[in-house]
Amino acid sequence: MSKLELNDVNIYYGDFHAVQNVNMHIPAQAVTAFIGPSGCGKSTVLRTLNRMHEVIPNASVRGEILLDGHDIYGPKVDPVGVRNTIGMVFQKANPFPTMSIEDNVVAGLMLSGEKNRKKLKEVAEESLRGANLWEEVKDRLDKPGGGLSGGQQQRLCIARAIAVRPEVLLMDEPCSALDPISTLAVEDLIHELKNDYTIVIVTHNMQQAARVSDKTAFFSLEATGKPGHLVEFNDTTTIFENPGKKETEDYIAGRFG
Ligand SMILES: Nc1ncnc2c1ncn2[C@@H]1O[C@H](COP(=O)(O)OP(=O)(O)O)[C@@H](O)[C@H]1O
Ligand SMILES: [Mg+2]
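Residues numbered from 1 in each chain as written. Chains lettered and ligands numbered in written order. Predicted model: local features only at pLDDT ≥ 70, side-chain atom pairs only at ≥ 80, totals over all residues. Heavy atoms only, no water.

1. Describing the overall build of the protein chain
What counts is decided by this rule: Only DSSP runs of H or I with at least four residues qualify as helices, and only runs of E with at least two residues qualify as strands; both kinds are numbered from the N terminus onward. Based on C-alpha atoms, the radius of gyration is set beside the globule rule, defined as 2.2 Å times the residue count to the power 0.38. Only protein chains enter the area calculation, which uses a 1.4 Å probe; residues under 20% of their type maximum are buried, those over 50% are exposed, and those in between are partly exposed. The contact definition used throughout considers only heavy atoms, calling two residues in contact when any of these lie within 4.5 Å. A 1.4 Å probe and the Shrake-Rupley method give the accessible areas. Residues count as covered only by the protein chains that appear here.
Along its length, the protein chain carries eleven helices and ten strands. Relative to the globule expectation of 18 Å for 257 residues, the C-alpha radius of gyration of the protein chain, 18 Å, shows essentially globular dimensions. In terms of overall dimensions, the protein chain has a C-alpha envelope of 55 × 45 × 35 Å along the principal axes. When each of the 257 residues of the protein chain is scored for burial, the buried share is 50%. The long-range share in the protein chain, meaning contacts at least 24 apart out of those at least 6 apart in sequence, stands at 65%. Total accessible area computed for the protein chain in this model is approximately 12200 Å², and 50% of it derives from carbon and sulfur atoms.

Here it is as C-alpha coordinates:
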(Lines give C-alpha, C1' and ligand atoms only; values in the text may rest on other atoms or scores of the structure.)
(Ligands and ions follow the chains in the order given, each with its own letter.)
Protein backbone atom coordinates (compact mmCIF):
# COMPACT_ATOMS: atom_id res chain seq x y z
CA MET A 1 0.00 0.00 0.00
CA SER A 2 1.17 3.54 -0.59
CA LYS A 3 2.41 5.51 2.40
CA LEU A 4 0.84 8.76 1.21
CA GLU A 5 -2.05 9.09 -1.18
CA LEU A 6 -3.16 12.40 -2.69
CA ASN A 7 -6.65 12.52 -4.16
CA ASP A 8 -7.77 15.59 -6.14
CA VAL A 9 -5.57 17.90 -4.09
CA ASN A 10 -6.03 21.61 -4.84
CA ILE A 11 -4.00 24.17 -2.94
CA TYR A 12 -4.67 27.88 -2.45
CA TYR A 13 -3.07 31.02 -1.03
CA GLY A 14 -6.16 33.13 -0.38
CA ASP A 15 -7.86 33.36 -3.81
CA PHE A 16 -4.78 32.28 -5.69
CA HIS A 17 -5.09 28.72 -6.96
CA ALA A 18 -1.45 27.61 -6.62
CA VAL A 19 -1.71 23.90 -7.41
CA GLN A 20 -4.40 22.10 -9.35
CA ASN A 21 -5.76 18.59 -8.98
CA VAL A 22 -2.88 16.43 -7.85
CA ASN A 23 -3.41 12.68 -7.71
CA MET A 24 -0.46 10.60 -6.60
CA HIS A 25 0.46 7.49 -4.61
CA ILE A 26 3.79 7.84 -2.79
CA PRO A 27 5.31 4.46 -1.92
CA ALA A 28 6.68 3.52 1.51
CA GLN A 29 10.41 3.08 2.14
CA ALA A 30 11.41 4.68 -1.11
CA VAL A 31 12.59 8.10 -2.24
CA THR A 32 10.19 10.19 -4.29
CA ALA A 33 11.59 13.32 -5.99
CA PHE A 34 9.56 16.39 -6.96
CA ILE A 35 11.04 18.24 -9.94
CA GLY A 36 9.83 21.06 -12.19
CA PRO A 37 10.32 24.76 -12.96
CA SER A 38 10.42 27.37 -10.23
CA GLY A 39 6.94 28.38 -9.06
CA CYS A 40 5.19 25.17 -10.20
CA GLY A 41 4.22 24.34 -6.62
CA LYS A 42 6.75 21.73 -5.46
CA SER A 43 7.28 23.31 -2.03
CA THR A 44 3.57 24.04 -1.72
CA VAL A 45 2.60 20.41 -2.32
CA LEU A 46 5.35 19.25 0.06
CA ARG A 47 4.04 21.49 2.86
CA THR A 48 0.52 20.14 2.53
CA LEU A 49 1.87 16.64 3.25
CA ASN A 50 2.54 17.48 6.90
CA ARG A 51 0.03 20.29 7.36
CA MET A 52 2.68 23.02 7.31
CA HIS A 53 0.78 24.79 4.52
CA GLU A 54 -2.09 25.80 6.78
CA VAL A 55 0.14 27.83 9.13
CA ILE A 56 0.39 30.43 6.33
CA PRO A 57 -2.44 33.01 6.78
CA ASN A 58 -5.41 32.40 4.40
CA ALA A 59 -3.78 29.29 2.93
CA SER A 60 -6.06 26.32 2.32
CA VAL A 61 -6.18 22.82 0.84
CA ARG A 62 -9.01 20.88 -0.78
CA GLY A 63 -9.09 17.20 -1.58
CA GLU A 64 -7.75 14.32 0.43
CA ILE A 65 -4.31 13.35 1.72
CA LEU A 66 -4.09 9.91 3.29
CA LEU A 67 -1.26 8.56 5.45
CA ASP A 68 -1.50 4.76 5.63
CA GLY A 69 -5.07 5.15 4.44
CA HIS A 70 -6.08 7.73 7.09
CA ASP A 71 -6.99 11.31 6.20
CA ILE A 72 -4.40 13.63 7.81
CA TYR A 73 -6.94 16.46 7.53
CA GLY A 74 -9.65 14.46 9.32
CA PRO A 75 -11.71 16.33 11.96
CA LYS A 76 -10.11 14.58 14.93
CA VAL A 77 -6.53 14.72 13.70
CA ASP A 78 -4.03 16.85 15.63
CA PRO A 79 -1.72 18.70 13.19
CA VAL A 80 1.12 18.57 15.74
CA GLY A 81 0.92 14.77 15.74
CA VAL A 82 0.97 14.77 11.92
CA ARG A 83 4.14 16.89 11.95
CA ASN A 84 5.80 14.44 14.39
CA THR A 85 4.99 11.50 12.13
CA ILE A 86 5.92 13.43 8.98
CA GLY A 87 9.08 15.43 9.67
CA MET A 88 10.60 18.15 7.53
CA VAL A 89 14.09 19.30 6.60
CA PHE A 90 14.51 22.69 4.98
CA GLN A 91 16.67 24.22 2.27
CA LYS A 92 18.80 26.16 4.70
CA ALA A 93 20.09 24.20 7.68
CA ASN A 94 18.50 25.78 10.74
CA PRO A 95 20.11 24.42 13.90
CA PHE A 96 19.79 26.46 17.09
CA PRO A 97 23.23 28.08 16.72
CA THR A 98 24.18 28.53 20.38
CA MET A 99 22.62 25.29 21.63
CA SER A 100 24.96 22.30 21.97
CA ILE A 101 25.10 19.70 19.20
CA GLU A 102 23.55 17.11 21.50
CA ASP A 103 20.71 19.35 22.65
CA ASN A 104 20.00 20.39 19.06
CA VAL A 105 19.29 16.76 18.20
CA VAL A 106 16.95 16.15 21.13
CA ALA A 107 15.38 19.63 21.23
CA GLY A 108 12.02 18.23 20.13
CA LEU A 109 12.05 15.53 22.81
CA MET A 110 13.00 18.02 25.53
CA LEU A 111 10.19 20.28 24.36
CA SER A 112 7.71 17.44 24.72
CA GLY A 113 8.86 16.96 28.34
CA GLU A 114 11.58 14.29 28.27
CA LYS A 115 14.05 15.11 31.09
CA ASN A 116 15.93 11.85 31.57
CA ARG A 117 19.52 12.73 30.54
CA LYS A 118 20.53 9.12 29.93
CA LYS A 119 17.58 8.62 27.61
CA LEU A 120 18.26 11.93 25.82
CA LYS A 121 21.92 10.96 25.32
CA GLU A 122 20.91 7.59 23.90
CA VAL A 123 18.48 9.14 21.44
CA ALA A 124 21.07 11.78 20.44
CA GLU A 125 23.71 9.15 19.70
CA GLU A 126 21.32 6.92 17.81
CA SER A 127 20.01 9.84 15.72
CA LEU A 128 23.51 11.20 15.00
CA ARG A 129 24.60 7.72 13.92
CA GLY A 130 21.48 7.52 11.77
CA ALA A 131 22.40 10.83 10.17
CA ASN A 132 26.00 9.73 9.44
CA LEU A 133 27.34 12.44 11.72
CA TRP A 134 28.28 10.63 14.94
CA GLU A 135 31.96 9.98 14.12
CA GLU A 136 32.49 13.64 13.23
CA VAL A 137 30.93 15.12 16.38
CA LYS A 138 31.14 12.50 19.15
CA ASP A 139 34.05 14.33 20.84
CA ARG A 140 32.33 17.72 20.83
CA LEU A 141 28.70 17.04 21.63
CA ASP A 142 28.65 19.93 24.11
CA LYS A 143 29.88 22.47 21.52
CA PRO A 144 27.43 24.80 19.74
CA GLY A 145 25.58 23.50 16.67
CA GLY A 146 26.40 26.73 14.88
CA GLY A 147 30.10 25.77 14.84
CA LEU A 148 29.62 22.91 12.38
CA SER A 149 30.16 23.20 8.62
CA GLY A 150 27.13 23.74 6.36
CA GLY A 151 26.98 20.09 5.37
CA GLN A 152 27.32 18.95 8.98
CA GLN A 153 24.58 21.39 10.04
CA GLN A 154 22.24 19.91 7.43
CA ARG A 155 22.95 16.40 8.72
CA LEU A 156 22.42 17.72 12.27
CA CYS A 157 18.98 18.93 11.15
CA ILE A 158 18.28 15.49 9.68
CA ALA A 159 19.37 13.94 13.02
CA ARG A 160 16.98 16.31 14.78
CA ALA A 161 14.17 15.31 12.42
CA ILE A 162 14.71 11.57 12.97
CA ALA A 163 15.10 11.92 16.77
CA VAL A 164 11.31 12.14 17.12
CA ARG A 165 11.01 8.86 15.18
CA PRO A 166 8.96 10.00 12.20
CA GLU A 167 7.75 7.65 9.47
CA VAL A 168 8.10 10.11 6.61
CA LEU A 169 10.79 12.73 5.95
CA LEU A 170 10.06 15.68 3.69
CA MET A 171 13.09 17.55 2.35
CA ASP A 172 12.85 20.82 0.45
CA GLU A 173 16.02 21.31 -1.61
CA PRO A 174 18.15 20.08 1.30
CA CYS A 175 21.42 20.33 -0.65
CA SER A 176 20.97 23.60 -2.50
CA ALA A 177 23.18 25.50 -0.04
CA LEU A 178 25.86 22.78 0.16
CA ASP A 179 29.15 22.21 -1.64
CA PRO A 180 29.45 19.08 -3.84
CA ILE A 181 31.18 16.95 -1.19
CA SER A 182 28.61 17.77 1.51
CA THR A 183 25.88 17.15 -1.07
CA LEU A 184 27.21 13.65 -1.69
CA ALA A 185 27.29 12.98 2.07
CA VAL A 186 23.63 14.00 2.35
CA GLU A 187 22.70 11.95 -0.73
CA ASP A 188 24.42 8.88 0.75
CA LEU A 189 22.45 9.47 3.91
CA ILE A 190 19.16 9.74 2.01
CA HIS A 191 19.97 6.45 0.33
CA GLU A 192 20.45 4.75 3.72
CA LEU A 193 17.44 6.40 5.34
CA LYS A 194 15.00 4.94 2.85
CA ASN A 195 15.43 1.56 4.53
CA ASP A 196 13.54 3.00 7.50
CA TYR A 197 11.65 6.00 6.19
CA THR A 198 9.51 7.19 3.33
CA ILE A 199 11.30 10.17 1.81
CA VAL A 200 9.97 12.95 -0.40
CA ILE A 201 12.58 15.37 -1.70
CA VAL A 202 12.18 18.55 -3.74
CA THR A 203 15.20 19.20 -5.90
CA HIS A 204 16.00 21.52 -8.78
CA ASN A 205 19.01 19.35 -9.56
CA MET A 206 18.11 16.75 -12.19
CA GLN A 207 21.25 14.70 -11.58
CA GLN A 208 20.35 14.54 -7.91
CA ALA A 209 16.81 13.37 -8.65
CA ALA A 210 18.23 10.70 -10.96
CA ARG A 211 20.80 9.62 -8.35
CA VAL A 212 18.69 9.44 -5.22
CA SER A 213 15.09 8.77 -6.15
CA ASP A 214 13.05 5.71 -7.00
CA LYS A 215 10.02 7.69 -8.18
CA THR A 216 9.88 11.12 -9.79
CA ALA A 217 6.98 13.54 -10.01
CA PHE A 218 7.33 16.23 -12.67
CA PHE A 219 5.26 19.33 -11.98
CA SER A 220 4.83 22.25 -14.35
CA LEU A 221 2.75 25.36 -14.99
CA GLU A 222 1.50 27.02 -18.15
CA ALA A 223 2.44 30.55 -17.09
CA THR A 224 3.13 32.66 -14.04
CA GLY A 225 -0.12 33.18 -12.16
CA LYS A 226 -1.60 29.91 -13.46
CA PRO A 227 -1.84 26.93 -11.15
CA GLY A 228 0.90 24.34 -11.13
CA HIS A 229 -0.05 20.76 -11.90
CA LEU A 230 1.43 17.28 -11.89
CA VAL A 231 2.44 16.40 -15.44
CA GLU A 232 3.78 12.93 -14.91
CA PHE A 233 4.64 10.60 -12.02
CA ASN A 234 6.51 7.37 -12.57
CA ASP A 235 9.62 5.34 -11.82
CA THR A 236 12.64 7.66 -12.00
CA THR A 237 14.25 5.61 -14.78
CA THR A 238 11.07 5.91 -16.85
CA ILE A 239 10.80 9.66 -16.29
CA PHE A 240 14.42 10.20 -17.31
CA GLU A 241 14.79 7.62 -20.07
CA ASN A 242 11.35 7.11 -21.51
CA PRO A 243 8.91 9.81 -20.33
CA GLY A 244 5.30 9.52 -21.39
CA LYS A 245 4.76 13.23 -22.10
CA LYS A 246 6.58 15.54 -24.47
CA GLU A 247 6.55 18.26 -21.80
CA THR A 248 8.54 16.02 -19.46
CA GLU A 249 10.98 15.06 -22.20
CA ASP A 250 11.59 18.73 -23.12
CA TYR A 251 12.14 19.76 -19.52
CA ILE A 252 14.58 16.97 -18.83
CA ALA A 253 16.46 17.46 -22.10
CA GLY A 254 16.80 21.17 -21.29
CA ARG A 255 17.87 20.74 -17.69
CA PHE A 256 19.96 17.57 -17.68
CA GLY A 257 23.72 18.00 -18.19
N1 LIG B 1 3.40 32.06 1.26
C2 LIG B 1 2.91 32.26 0.02
N3 LIG B 1 1.93 33.17 -0.19
C4 LIG B 1 1.43 33.38 -1.43
N5 LIG B 1 1.81 32.73 -2.53
C6 LIG B 1 2.79 31.80 -2.38
C7 LIG B 1 3.39 31.52 -1.11
N8 LIG B 1 4.32 30.56 -1.29
C9 LIG B 1 4.31 30.26 -2.60
N10 LIG B 1 3.40 30.99 -3.26
C11 LIG B 1 3.09 30.93 -4.71
O12 LIG B 1 2.65 29.61 -5.03
C13 LIG B 1 3.20 29.20 -6.28
C14 LIG B 1 4.01 27.93 -6.05
O15 LIG B 1 5.16 28.27 -5.27
P16 LIG B 1 6.18 27.18 -4.69
O17 LIG B 1 5.42 26.05 -4.12
O18 LIG B 1 7.12 27.90 -3.82
O19 LIG B 1 6.90 26.69 -6.04
P20 LIG B 1 8.26 25.85 -6.20
O21 LIG B 1 8.65 25.30 -4.89
O22 LIG B 1 7.93 24.81 -7.24
O23 LIG B 1 9.27 26.82 -6.76
C24 LIG B 1 4.02 30.37 -6.81
O25 LIG B 1 3.19 31.13 -7.67
C26 LIG B 1 4.34 31.15 -5.55
O27 LIG B 1 4.53 32.52 -5.83
MG1 LIG C 1 10.35 25.55 -3.68
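Text resumes after the structure shown.
2. Examining the environment of Val19
Looking at where Val19 falls in the secondary structure, it is placed in strand E2 (residues 16-27). Val19 gets classed as buried once you look at its relative accessible area, which sits at 0%. For the pair Val19 and Leu230, spaced 211 residues apart in sequence, the C-alpha to C-alpha distance is 8.6 Å. Ignoring any residue separated from it by four or fewer positions in sequence, one finds Val19 in contact with Val9, Asn10, Ile11, Cys40, Gly41, Thr44, Val45, Pro227 and Gly228.

3. Points about the pattern of salt bridges
Here is the rule: Each salt bridge in this description consists of a side-chain nitrogen of Lys or Arg and a carboxyl oxygen of Asp or Glu lying within 4 Å of one another.
Applying the stated criterion across every chain, the model contains 16 salt bridges. Among the salt bridges present, the one from Glu125 reaches Arg129, with a minimum N-O distance of 2.8 Å. Here Glu125 pairs with Arg129, and both are found in helix H5 (residues 117-130), just four residues apart, close to one helical turn. Taken together, the salt bridges that share partners define one network made up of Glu102, Asp103, Arg117 and Lys121.

4. Brief notes about the sheet that holds strand E9 (residues 215-221)
The following threshold applies: Strands qualify as paired when DSSP identifies two bridges or more between them. Note on geometry: axes are C-alpha line fits, over the in-contact stretch for helices, and angles between N-to-C directions span 0 to 180 degrees.
The ten strands are arranged E5-E4-E1-E2-E10-E9-E3-E8-E7-E6 in an open sheet whose pairing can be described as mixed. Of all strands in the sheet, those with a lone pairing partner are strand E5 (70-71) and strand E6 (86-89), marking the two edges. Here strand E4 (residues 59-67) pairs with E5 via two bridges, running antiparallel. Its bridge partner being in E5, Leu67 is matched across the sheet by His70. The strands touched by helix H7 (residues 150-163) within the sheet are E6 and strand E7 (168-172), with E6 carrying the most contacts at an inclination of about 170 degrees.

5. Topic: H7
The cut-off we apply is this: Each helix should span, by expectation, one fewer than its residue count multiplied by 1.5 Å.
Between its terminal C-alpha atoms H7 stretches 20 Å, which fits the 20 Å expected from 14 residues at 1.5 Å a residue. A large share of H7 lies buried, amounting to 13 of its 14 residues. Within two residues after H7, Arg165 carries a phi angle of roughly 55 degrees, on the positive side.

6. Focus: the packing of aromatic side chains
The line we're drawing: When the centres of two rings from Phe, Tyr and Trp lie within 6.5 Å, Trp using its six-membered ring, the rings pair. Their planes under 30 degrees apart give stacked, over 60 give edge-to-face, and anything left gives tilted. Two conditions define a charge sitting above a ring: the NZ of Lys or the CZ of Arg must be within 6 Å of the ring centre, and it must be within 35 degrees of the ring normal.
In this structure the tally under the stated criterion is two aromatic pairs. Measuring from centroid to centroid gives 5.1 Å for Phe34 and Phe219, while their planes differ by 65 degrees, and the two rings are edge-to-face. Placement of Phe34 in strand E3 (residues 31-35) and of Phe219 in strand E9 is noted, with a sequence separation of 185 residues between them. Judged by its relative accessible area of 0%, Phe34 falls in the buried class. By relative accessible area, which is 0% here, Phe219 ends up buried. Its guanidinium or amino end placed over the ring of Phe96, Arg160 lies 5.0 Å from that ring's centre, counting from NZ or CZ.

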